[in-house]
Amino acid sequence: MTRSRTSLAVLLGLVTAGFAVATILSSSWATAAAGVVTVAALWFILSRRLFGPVGQLTRLAERCLDGDDHPPRLEPTTAGDLAELARAFNRLTGRVTELKVDVVDASRELEWTQEELALKDTLEKKNRIIEETNIQLESRIRELSLLFSASRLFSSSLRLDE
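Residues numbered from 1 in each chain as written. Predicted model: local features only at pLDDT ≥ 70, side-chain atom pairs only at ≥ 80, totals over all residues. Heavy atoms only, no water.

Peer 1: Would you mind going over the confidence of the model for the chain with me for this structure?
Peer 2: Should the pLDDT be low somewhere, the predicted coordinates at that spot are not to be read in detail. For the chain, the mean per-residue pLDDT works out to 79, and 70% of the residues sit at or above 70. Of all secondary-structure elements in the chain, the lowest mean pLDDT belongs to helix α1 (residues 3-24), at 62, while helix α3 (residues 81-157) reaches the highest, 92. (pLDDT = per-residue confidence, 0-100. Helix = DSSP H or I, 4+ residues; strand = E, 2+ residues; numbered from the N terminus.)

See the structure below:
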C-alpha cells in the first residue's frame, strides 16, 4: 500500500472506530448496531469505489516504471475525477509508447546513416587506391612507350649486312 493510501485507510478506520464507540455509548443497542452497519457499508463502498481504482492505477504505473511497454488501458467505470484520472493515464501511456517508437525509429535511422557513412568511407579509400594505381599505370605506359619508340628507332637505324 502506498503511504497516502495507508494514511487514508487509517483515518477512515479511526473515524469508523469513533463512530462505533459513539453509537455504542448511545442509549440503544439498535442504534449502535445500525451505526456499525452504516460504517461497514461506507467502508465497503469507499474501498470498492476509491481504493480499487486507485490501486489499479498504482499497479499499472508500477508496471510502466518496471519497463512494461504495453500496459493495459484503464477503463473508467465511473464518472468524475477517477475517470478523468484514468483517461489522463491512458493518454500518458499512449504518448510514452509513441515516444518509444520515435526513439526506436531514430535509432534505426542513426544505424543506417552510420552504415552509409562507413560504406562511403570504404568507397573513398577504394577510389584513392584506384587513382593511385591509374597514376602508376600511366607512368608505366609512358615508360614503355618511350622504350618502344627507342627500340623502333634503334632497329630502323641498324643495317644488317646481307
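So, next bit.
Peer 1: Please clarify how the pattern of salt bridges should be interpreted in this entry.
Peer 2: If the charged atoms of two oppositely charged side chains come close together, the side chains can form a pair. One pass over the structure, following the stated rule, counts five salt bridges. Of the charged contacts, one joins Glu84 and Arg87 as a salt bridge, the two residues approaching to 3.4 Å between their closest N and O atoms. Of this pair, Glu84 and Arg87 both sit in helix α3, three residues apart, roughly one helical turn. A residue is classified by how much of its surface remains accessible, and Glu84, at 38% relative accessible area, is partly exposed. The exposure class of Arg87 is partly exposed, given its relative accessible area of 37%. The salt bridge partner of Asp121 is Lys125, with a shortest N-O separation of 3.5 Å. Of this pair, Asp121 and Lys125 both sit in helix α3, four residues apart, roughly one helical turn. For Lys125, a relative accessible area of 46% corresponds to the partly exposed category. Through salt bridges with shared partners, one network takes in Glu84, Arg87 and Arg91. (Salt bridge = Lys/Arg side-chain N within 4 Å of Asp/Glu carboxyl O. Buried < 20%, exposed > 50% of the residue type's maximum accessible area, 1.4 Å probe, protein only.)

Peer 1: Can you walk me through the nonpolar core in this structure?
Peer 2: The tendency in soluble globular proteins is for nonpolar side chains to be buried side by side. With five residues, the main nonpolar core is built from Leu57, Leu60, Leu74, Ala86 and Phe89. Every element with two or more residues in this core is listed here: α2 (29-65) and α3. Look past the residues within four positions of Phe89 in its chain and what remains in contact with it is Leu57, Leu60, Ala61, Cys64 and Leu74. (Core = buried A, V, L, I, M, F, W, Y, C linked by side-chain atoms within 4.5 Å. Contact = heavy atoms within 4.5 Å.)

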